[in-house]
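# Structural characterization, general
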There are 2 protein chains.
Amino acid sequence: MDIYSLPLPVVRRLPKYYRQLDDLVYDGVERISSGKLAEMMNITASQVRQDFSFFGKLGQQGYGYNVKTLKNEIGVVLGIDVPRTVALFGMGHLGRALTQHFEFSKYNYSLAAAFEINPDLVGSTVNGVRIYHYNQLQTYLASHKVDAAILAVPRSAARYTAREIVDLGIKFLWNFTNVDLKLPERDAFIEDVHFSDSLLCLSYYMK
Amino acid sequence: MDIYSLPLPVVRRLPKYYRQLDDLVYDGVERISSGKLAEMMNITASQVRQDFSFFGKLGQQGYGYNVKTLKNEIGVVLGIDVPRTVALFGMGHLGRALTQHFEFSKYNYSLAAAFEINPDLVGSTVNGVRIYHYNQLQTYLASHKVDAAILAVPRSAARYTAREIVDLGIKFLWNFTNVDLKLPERDAFIEDVHFSDSLLCLSYYMK
């Protein structure tokens, strides 16, 4: 199977594998069995072996996987080997928190610019990232390549901003607005961040 | 089946159902079929019907579900009907962003206090939330009930803080530190927020 047409559940597990392997590299672990990795992932060993079968021969029966090699392989499947540029929309607290604290470089991303409509913020710089006025976006994109947009605007501005951004050519959105953007007529890929979902799961287990 | 022993994948889908139903209520939709709801959820109609079979009789063949009733039922299963109190640990940018922008009340949570070690922040108030010194935690807990802790401390402080918090009696952690806390010897429930996972999925689809 083409590694770019993996089933969605497999794709969803890849970042988790990557994180676990990153921790193992950090801890100096060199080899890991599918059983041990499965345990860390809370899935079965056969699930791990099946997932990895999509990428070809990564391990050897009885020897386990080389942690560094596996991490790199999964990184390549995930596209971490290709440097990407993102722009951030909305420099409220969430936007600023991401700008100051999110380790974009860890994932080979570079946060190139931020866009805002608040004139008090436009022209300033946060953590080396210049804040432009939203109406400068088209001009900016004429001379800068932006692979993905981080959407951190208020709910009320979410749909409108998303449509404009996609129409201006940024086809990948990382959506923090909690709004289901639904742009079926546009050829866009939207990845929603709904971290309140996990708070609700916490509520469930509290009962 | 006891609704408090639902299979994990069902539990994980509940917040998503709740969000979709909340949007439908907002849009004034009164009834919805399992087919339509399945489409919104990107799952099959039989999956929806199977999930809902755990909560007893919610819909009637051919009539679909009453949106408001269903939302409330799922809310109850999720525990939204029970008011909860949380305390936040670490008032860096992420902690501040959550304090200022996260709608805790929407999920019947109240953010009662924040804890920090930075003396410049201790004693001040952000969005009505008082910041205490971390060494005041034990005293604070002696007179305040805290159901869950939000962990937004730096990576290096994550494990230590988590252990202390759990030992002081807060058994539910909403973990934003990106550190796999692993507290097997402690009776704690940890819900990790790994939003970089979705950035990596975005990278995958860019390739």
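None of the values given here were measured: they were computed from a predicted structure.

## A few points about the layout of surface pockets
- Reported here for the second largest pocket is a volume of approximately 760 Å³.
- Looking at the second largest pocket, it is lined by 30 residues, and the ones nearest its centre are Ala152(A), Val153(A), Pro154(A), Arg155(A) and Phe176(A).
- Elements represented by at least two residues in the lining of the second largest pocket include exactly α5 (93–101), β5 (109–116) and α7 (155–167) of chain A together with α5 (93–101) of chain B.
- Of the residues in the lining of the second largest pocket, the class split is 19 nonpolar, 7 polar and 4 charged.

## Focus: the relation of the copies chain B and chain A
- Mapping chain B onto chain A calls for a rotation angle of 180 degrees and an axial translation of 0.0 Å; the resulting RMSD is 0.0 Å. Taken together, the rotation and translation relating the two chain copies correspond to the operation of a two-fold axis. Taking C-alpha positions as reference, the residue of chain B nearest the rotation axis is Ala97(B), located at 3.3 Å.
- The overlap is high: 100% of the interface residues of chain B also sit at the interface in chain A, so the same surface is used on both sides.

## Here we look at α7(A)
Residue and element names in this part refer to chain A.
- Spanning 13 residues, α7 covers 19 Å between terminal C-alpha atoms, matching the ideal 18 Å at 1.5 Å per step.
- Most pronounced at Thr-161, the bend in α7 amounts to some 25 degrees.
- Among all positions of α7, only Ala-158, Thr-161, Ala-162, Ile-165 and Val-166 are buried.
- A positive backbone phi angle near 110 degrees is found at Gly-169, which sits one or two residues after α7.

## Re the sheet that holds strand β8 (residues 148–151) of chain A
Residues and elements named next belong to chain A.
- In space, the 7 strands of this open sheet follow the order β6-β7-β5-β4-β8-β9-β10, with mixed pairing throughout. A strand with exactly one partner marks an edge of an open sheet, and here the two such strands are β6 (125–126) and β10 (189–192).
- With 4 bridges connecting them, β8 and strand β9 (residues 172–175) associate as parallel partners. Opposite Ile-150, over in β9, you have Trp-174 as the bridge partner.

## A word on the environment of Arg31(B)
Residue and element names in this part refer to chain B.
- For Arg-31, the location among the structural elements is in strand β1 (residues 31–32).
- With a relative accessible area of 44%, Arg-31 lands in the partly exposed category.
- Distance in space between the C-alpha atoms of Arg-31 and Lys-16 is 18 Å, their sequence separation being 15 residues.
- In this view, Arg-31 contacts Tyr-63, Gly-64, Tyr-65, Asn-66 and Val-67; residues no more than four positions away in its chain are not counted.
- Looking at Arg-31, its side chain comes within polar contact range of the main-chain oxygen of Gly-64, at 3.1 Å.

Basis of the calculations
Residues numbered from 1 in each chain as written. Chains lettered and ligands numbered in written order. Predicted model: local features only at pLDDT ≥ 70, side-chain atom pairs only at ≥ 80, totals over all residues. Heavy atoms only, no water. 1 Å grid on protein atoms, 1.4 Å probe; cavity = no way out; pocket = protein on both sides within 12 Å on 5 of 7 lines; lining within 4 Å. Points joined across faces, edges and corners; volume = space filled by probe spheres on them. Helix = DSSP H or I, 4+ residues; strand = E, 2+ residues; numbered from the N terminus. Nonpolar A, V, L, I, M, F, W, Y, C, P; charged D, E, K, R; others polar. Least-squares fit on C-alpha atoms with pLDDT ≥ 70 in both. Contact = heavy atoms within 4.5 Å. Expected span 1.5 Å × (residues − 1). Bend = angle between axes of the 7 residues up to and from the residue. Buried < 20%, exposed > 50% of the residue type's maximum accessible area, 1.4 Å probe, protein only. Pairing = 2+ DSSP bridges. Polar contact = N/O pair within 3.5 Å; in protein donor to acceptor, adjacent residues only side chain to side chain.

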